[in-house]
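Reading the structure
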Amino acid sequence: MRRHRIAVLKGDFIGPEVVDATTSVLEALAPRAGLAFEWDPLPFGGGALDAHGTPLPEATKAGAAAADAVLMGSAGGPVGDHPWNRVPRPLRVESGILDLRRHLGVYANLRPVAVFPGLEHLSPLKESVARGTDLLIVRELTGGIYFGKPSSSGPDRGVSTDVYERFEVERIARTAFEAARLRRGRVTSVDKANVLDVSQFWRDVVVGVHQAEFPDVALDHLYVDNAAMQLVKAPTSFDVVVTSNLFGDILSDLAAVLPGSLGVLPSASLGGAVGLYEPVHGSAPDIAGQGLANPTGTLLSAAMMLRFALAAPAAADALEAAVKGALADDPTRDLGGTRGTAAFTAAVIERLPARLDGVEAPAGASA
Ligand code: NAD
Ligand code: IPM
Ligand code: MN
């Protein structure tokens, strides 16, 4: 039996709903896979701001850094006027999310986007366009305009600075090229080099890493505006997309249209000692408390956690297969189905195999 300590940061609104669904599935999976989980729930987000005066308490930073992996829901308040949006920038819930990513050093945010075979009908795009979509957005996560200085907002002037250091672009480029070697061998780097100096720098560094270390991988470049169009017009033309923090944020929500809902996209944030696993979506205050949240993105993030952090690929496969089966059967309402969170979660658990083919090998876990 392999025991794993998982830091659990539920967050706000639907965050706890999708995380509770996911831990219940993992609890059902654990004995069948020879795994045992020790959950360490830690305060995070708007709830932590109210209770502790900060969205990311010190105890949460320490607990996350000491865990085998961090499983996160989503945090933040309603988009309009709300007390959480009126606090100084460093205390904003979103600053807590950014601080956590920096604290863990997880510079590489992997956001896979797939239209699973047989689930093309869930896409609002023509089935012929959506069919076969299987791409990976590699989003730089701890740099760029999210963190650049100077940054300020005053009565007459607002400033944010997009800045990338050479080492930051080199390491995310390597992540993308290495991922492509395990996939279909193609990387598309997305930038705005026709206008922005920081993007021209990004492109030059990506080209340098490609020529020096990955000549076997195919590399092309798209400007971000055209990339946005191509993603929905010809999604199967992409394998790995590597891009900056801000462009990756925007393009991944856009790409959620391909499988049919933002609620299905997972992510893994890697590069530090401990990985962070969270869905791409936010806290969805508009549907919170109604039992409607789609837990798929969090479940598939947990599958990435099993694969990357806990060296449990058979459990990851079983979980992904159960989720796909439940989606094919009857998904949640965001995908046009009839199930709520609880019924969908029960359907996933029902589809877990009674026992995996041999328990996971007792290999050492890694981030
Ligand atoms: P959102 O992702 O919360 O919601 C966008 C739309 O998608 C909404 O209509 C919502 O109902 C729907 N949706 C999202 N997840 C869903 C799911 N699992 N099942 C079904 N429908 C789902 O984006 P927003 O409204 O722009 O942001 C709300 C809050 O979340 C903000 O405070 C924002 O800052 C925060 N946010 C947090 C994270 C995070 O914690 N990593 C990510 C994105 C946004
Ligand atoms: C995401 C979110 C976050 C981001 C926000 C809430 C800080 O949109 O994870 O995609 O912009 O990175
Ligand atoms: Mn986002």
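Overview of the structure. It should be emphasised that the depicted structure is a prediction, and the values quoted were computed from it without experimental measurement. (Residues numbered from 1 in each chain as written. Chains lettered and ligands numbered in written order. Predicted model: local features only at pLDDT ≥ 70, side-chain atom pairs only at ≥ 80, totals over all residues. Heavy atoms only, no water.)

1. Observations concerning the pairing of strand 4 (residues 108-114)
Most of strand 4 sits inside the fold, with five of its seven residues counted as buried. With seven bridges connecting them, strand 4 and strand 5 (residues 134-140) associate as antiparallel partners. If you follow R111 over to strand 5, its bridge partner there is I137. For strand 4 and strand 11 (residues 268-270), the ladder comprises three bridges, and the chain directions are antiparallel. Note that in strand 11 the partner of L110 across the bridge is A268. (Buried < 20%, exposed > 50% of the residue type's maximum accessible area, 1.4 Å probe, protein only. Helix = DSSP H or I, 4+ residues; strand = E, 2+ residues; numbered from the N terminus. Pairing = 2+ DSSP bridges.)

2. Brief notes about the site of ligand 2
The local shell around ligand 2 consists of E94, I97, L98, R101, R111, R139, Y146, D249 and V280. Burial of ligand 2 by the protein chains amounts to 78% of its free accessible area of 320 Å². Of all the elements, helix 4 (residues 93-104) adds the most residues to the shell around ligand 2, at four residues. Partitioning the shell around ligand 2 into residue classes produces four nonpolar, no polar and five charged. In this structure, the shell around ligand 2 is formed jointly by two domains, domain 1 (1-115 + 259-367) and domain 2 (134-257), each of which donates at least three residues. (Near = heavy atom within 4 Å. Areas by Shrake-Rupley, 256 points an atom, 1.4 Å probe, with all protein chains shown as cover. Nonpolar A, V, L, I, M, F, W, Y, C, P; charged D, E, K, R; others polar. Domains from an automatic or database assignment.)

3. Some thoughts on the nonpolar core
Nonpolar side chains tend to gather and get buried jointly when the protein is soluble and globular. One finds Y277, M305, L306, L319 and V348 to be the most contacted residues of the largest nonpolar core, which totals 86 residues. Tallying contributions element by element places helix 11 (residues 313-329) first for this core, with eight residues. Two domains each put at least three residues into this core: domain 1 (1-115 + 259-367) and domain 2 (134-257). Setting aside residues no more than four positions away along its own chain, V348 makes contact with V25, L299, L319, A322, V323 and A326. L9, M72, I97 and L141 belong to the second-largest nonpolar core, a separate cluster that totals 20 residues. (Core = buried A, V, L, I, M, F, W, Y, C linked by side-chain atoms within 4.5 Å. Contact = heavy atoms within 4.5 Å.)

4. Re helix 9 (residues 245-255)
Turning to helix 9, its buried residues number three or more, namely N245, F247, G248, L251, S252 and A255. Here the buried residues of helix 9 occupy an arc of 155 degrees about the axis, which is enough to place them on one side. (Arc of directions from axis to C-beta.)

5. What about the site of ligand 1?
What surrounds ligand 1 is a group of 23 residues, the closest being A75, G77, E94, G282 and A284. One of the side-chain N or O atoms of E94 is found 2.5 Å from an oxygen atom in ligand 1. Surface burial for ligand 1 is 74%, taken as the share of its 810 Å² of free accessible area covered by protein chains. Counted by class, the shell around ligand 1 contains eleven nonpolar, eight polar and four charged residues. (Polar contact = N/O pair within 3.5 Å; in protein donor to acceptor, adjacent residues only side chain to side chain.)

6. So, the pairing of strand 8 (residues 186-191)
The buried fraction of strand 8 is high, at five of six residues. Of the strand pairs in this sheet, strand 8 and strand 10 (residues 240-243) are connected by four bridges, and their pairing is parallel. Bridge pairing links S189 to V242 in strand 10.

7. A look at the side chain of D191
With respect to the helices and strands, D191 occurs in strand 8. Within the structure, the side chain of D191 is placed 3.0 Å from the backbone nitrogen of A193, a separation counted as a polar contact. Dropping the residues within four chain positions of it, D191 is found in contact with S199, W202, R203, L222, Y223, V224 and F247.

8. Description of the pattern of salt bridges
Counting across every chain of the model gives 21 salt bridges. The closest approach of N and O atoms between R5 and D40, which form a salt bridge, is 2.4 Å. A residue pair is termed long-range when its members are at least 10 positions apart, and R5 in strand 1 (residues 2-11) and D40 in strand 2 (residues 35-41) qualify at 35 residues. A residue is classified by how much of its surface remains accessible, and D40, at 21% relative accessible area, is partly exposed. Salt bridges sharing common partners tie together D134, R183, R184 and D239. (Salt bridge = Lys/Arg side-chain N within 4 Å of Asp/Glu carboxyl O.)

9. A short note on unusual backbone geometry
A cis amide bond, omega 0 degrees, links K149 with the succeeding residue P150. Along the chain, P150 turns up in the loop between strand 5 and strand 6 (152-153). A positive phi angle, near 40 degrees, is found at A284, a position not held by glycine. Positive phi, close to 50 degrees, is recorded for A311, a residue that is not glycine. Examined against the element boundaries, A311 turns out to sit in the loop between helix 10 (296-308) and helix 11.

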